[in-house]
Each structure stands twice: as C-alpha cells, then as structure tokens.
Amino acid sequence: MTLSEKILDLRKQQGMSQENLAEKLGVSRQAVSRWEVGSALPDASNIRQLSRLFGVTAH
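Model, not experiment: these values are computed from the prediction.

This part covers the nonpolar core. Ile7, Leu10, Met16, Leu21, Ala22, Leu25, Ala31, Val32, Trp35, Leu50 and Phe54 together form the largest nonpolar core, which totals eleven residues. Other than its neighbours up to four places away in sequence, Leu25 contacts Trp35, Asn46, Gln49 and Leu50.

This is the structure in structure tokens:
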C-alpha cells in the first residue's frame, strides 16, 4: 500500500472529508487531494501530524 492509499484509507475510516482533514492540518483541500492521488507528498511536519491524528506510526 502506498502512502497516498494509506492517507485516503485512513481519512475515509475516520469519516472525514478532504476539507475536514485539510482544516485539521492547516493545508488546502487541494493539497490533501494531491497527496491522495500521489501527485505530491506531505512534508515531514504534515506526516507527523497525520500519524498523530490517525493514531498510526510514520514509518
């Protein structure tokens, strides 16, 4: 499973929209969309925030 697939899967498991996730992370909805389709990667800070938010490790 790729990082983009994991982000999408975890977001959907939490019942969050891209907009909800973007607001929690302080990024645009478009950034979340790009992460989920694999055209961009979140930076290290956002990866840490995602791991805390979803209760998963970042390795």
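Here the narrative resumes.
The residue Asn46 is located in helix 4 (residues 44-54) in this model. Contact partners of Asn46, with chain neighbours within four places excluded, come to Leu25, Val27 and Trp35.

For Glu36, the position within the fold is in helix 3 (residues 29-37). Given a relative accessible area of 9%, Glu36 falls into the buried group. Of the polar contacts made by the side chain of Glu36, one reaches the side chain of Gln18; its length is 2.8 Å. If we skip the residues at most four places from it in the chain, Glu36 touches Ser4, Ile7, Leu8, Arg11 and Gln18.

Turning next to the environment of Ala44. Mapped onto the fold, Ala44 is located in helix 4. The class for Ala44 is partly exposed, based on a relative accessible area of 48%. Through-space distance from the C-alpha of Ala44 to that of Ser28 is 16 Å; in sequence the pair is 16 residues apart.

What follows concerns the pattern of salt bridges. In the structure shown here, the tally under the stated rule is one salt bridge. Of the charged contacts, one joins Arg11 and Glu36 as a salt bridge, the two residues approaching to 2.5 Å between their closest N and O atoms. Residue Arg11 is located in helix 1 (residues 3-13), and its partner Glu36 is located in helix 3; the two are separated by 25 residues in the primary sequence. Among the residues examined, Arg11 registers a relative accessible area of 8% and is labelled buried.

Calculation criteria
Residues numbered from 1 in each chain as written. Predicted model: local features only at pLDDT ≥ 70, side-chain atom pairs only at ≥ 80, totals over all residues. Heavy atoms only, no water. Core = buried A, V, L, I, M, F, W, Y, C linked by side-chain atoms within 4.5 Å. Buried < 20%, exposed > 50% of the residue type's maximum accessible area, 1.4 Å probe, protein only. Contact = heavy atoms within 4.5 Å. Helix = DSSP H or I, 4+ residues; strand = E, 2+ residues; numbered from the N terminus. Polar contact = N/O pair within 3.5 Å; in protein donor to acceptor, adjacent residues only side chain to side chain. Salt bridge = Lys/Arg side-chain N within 4 Å of Asp/Glu carboxyl O.

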